[in-house]
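Descriptive structure summary
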Amino acid sequence: MTHVEDELNSQPECWRRAAEQALAHASVLPAPGERVAVVGCGTSYFMAQAVAALREGAGQGETDAFAASEFPHHRAYDRVVALTRSGTTTEVLDLLGRLKGRTHTTALTADPATPVMSLAEETVVLDYADERSVVQTRFATTALTLLRAHLGLHGERAVEDGRTALGTPLPEGLVDCAQFTFLGRGWTVGLANEAALKMREAALAWTEAYPAMEYRHGPISITTTGTATWMFGDAPEGLAAQVGDTGGLWIEGTLDPLAELVRAQRLAVAVAAARGLDPDRPRHLTRSVVLAP
């Protein structure tokens with residue numbers, strides 16, 4: 001079993017632990033009414049998109065998501081939440097350094113022996129969700145679960161569906177598809193983006209992601225026999241039938257969207273295996289992007 005397989009299989013237990021710990025970390029996480037920005041790089045950026053949509057949708061306050069390198073320093077925020085598995089990502093550390101003493105900052109990380117611990121005002125360490133693999137799975141979803149529970153939006157169904165996602169076969173014919181499109185709405189747009197990234201990283205697959213209602217505005221033109229379109233959450237009316245008419249494979253997201261992401265992670269590993277690739281050694285990637293001064 002690869003590192004990424006072992007780590008993705010542990011996610012339901014990690015989510016359970018994170019949900020139990022959410023109350024203990026409440027004082028360093030965004031309070032209702034705060035104006036918040038959530039930042040990260042790569043996978044963490046896509047989790048930031050999901051968190052921002054969840055929080056604002058819950059009426060907790062204006063919440064934006066940014067790639068750390070694109071943070072708008074001319075805007076004022078009450079708190080910036082940084083997601084960084086490694087605690088060493090250059091863009092995140094640079095941003096926290098610039099915000100130090102000016103804006104309240106909280107970092108969620110997996111490694112307490114890293115520079116982020118001194119640059120962020122507050123930290124939450126999810127060391128039990130740390131990973132050996134380059135390709136992120138459990139840290140990202142565990143951080144999202146902690147924040148989802150903090151918002152009162154996590155339920156036991158997510159954990160149960162996570163176990164279902166690990167224990168049931170992938171849809172027939174899915175691994176053999178030549179192209180994959182992931183769709184989301186609201187907070188699941190971030191999950192769709194992350195699913196597509198997993199497919200690129202682990203399987204070098206031709207993969208795209210869009211807000212579901214945008215799919216008809218051009219991207220559906222690539223859909224045909226031998227392609228797959230996977231919906232995270234409830235689909236817009238008529239879209240499944242429209243994809244079916246193209247000859248493409250439609251995958252309905254019937255589980256909690258976070259559990260659907262687990263299924264997509266499994267797909268990335270399965271496609272990698274079918275193509276003779278090692279998902280623990282993704283091309284051109286390292287576990288953390290640390291840039292020279």
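Our subject is the structure that appears above.
Residues numbered from 1 in each chain as written. Predicted model: local features only at pLDDT ≥ 70, side-chain atom pairs only at ≥ 80, totals over all residues. Heavy atoms only, no water.

Time to look at the sheet that holds strand E9 (residues 249-251). Reading across from one edge, E7-E6-E8-E9 is the order of the four strands in this open sheet, with parallel pairing throughout. The open sheet has two edge strands with one neighbour each: strand E7 (206-211) and E9. On average, adjacent strands in this sheet sit at an angle of 20 degrees to one another, irrespective of strand direction. Bridge count between strand E6 (residues 179-184) and strand E8 (residues 227-231): five bridges; the pairing is parallel. For Phe182, the partnering residue across the bridge sits in E8 and is Trp230. (Pairing = 2+ DSSP bridges. Helix = DSSP H or I, 4+ residues; strand = E, 2+ residues; numbered from the N terminus. Axes fitted to C-alpha atoms, helices over the stretch in contact; angles between N-to-C directions.)

Right, let's talk about the environment of Thr141 for a bit. Following the sequence through the fold, Thr141 ends up in helix H6 (residues 138-150). Expressed as a C-alpha distance, the spacing of Thr141 and Asp111, which sit 30 residues apart in the sequence, is 16 Å. Here Thr141 is in contact with Gln11, Trp15, Met47, Leu258, Leu261 and Gln265, once residues within four sequence places are set aside. For Thr141, the side chain forms a polar contact with the side chain of Trp15, separated by 2.9 Å. (Contact = heavy atoms within 4.5 Å. Polar contact = N/O pair within 3.5 Å; in protein donor to acceptor, adjacent residues only side chain to side chain.)

The calculated volume of the largest pocket comes to roughly 370 Å³. Looking at the largest pocket, it is lined by 21 residues, and the ones nearest its centre are Cys41, Gly42, Gln136, Arg287 and Val289. If you list the elements that add at least two residues to the lining of the largest pocket, you get helix H3 (43-57), strand E3 (79-84) and helix H4 (90-99). Its residues placed into classes, the lining of the largest pocket shows seven nonpolar, 10 polar and four charged. (1 Å grid on protein atoms, 1.4 Å probe; cavity = no way out; pocket = protein on both sides within 12 Å on 5 of 7 lines; lining within 4 Å. Points joined across faces, edges and corners; volume = space filled by probe spheres on them. Nonpolar A, V, L, I, M, F, W, Y, C, P; charged D, E, K, R; others polar.)

In terms of burial, E3 is largely enclosed, as six of its six residues are buried. Residues Arg79, Val81 and Leu83 line one face of E3 and the alternating positions Val80, Ala82 and Thr84 line the opposite face, and both faces are buried. In this sheet, E3 lies alongside strand E1 (residues 36-40) in parallel orientation, the contact comprising four bridges. Within the sheet, the bridge partner assigned to Val39 lies in E3 and is Ala82. For the handedness criterion, the β-α-β arrangement of E3, H4 and strand E4 (residues 104-109) is classed as right-handed. (Buried < 20%, exposed > 50% of the residue type's maximum accessible area, 1.4 Å probe, protein only. Right-handed = clockwise from strand over helix to strand, strands pointing away.)

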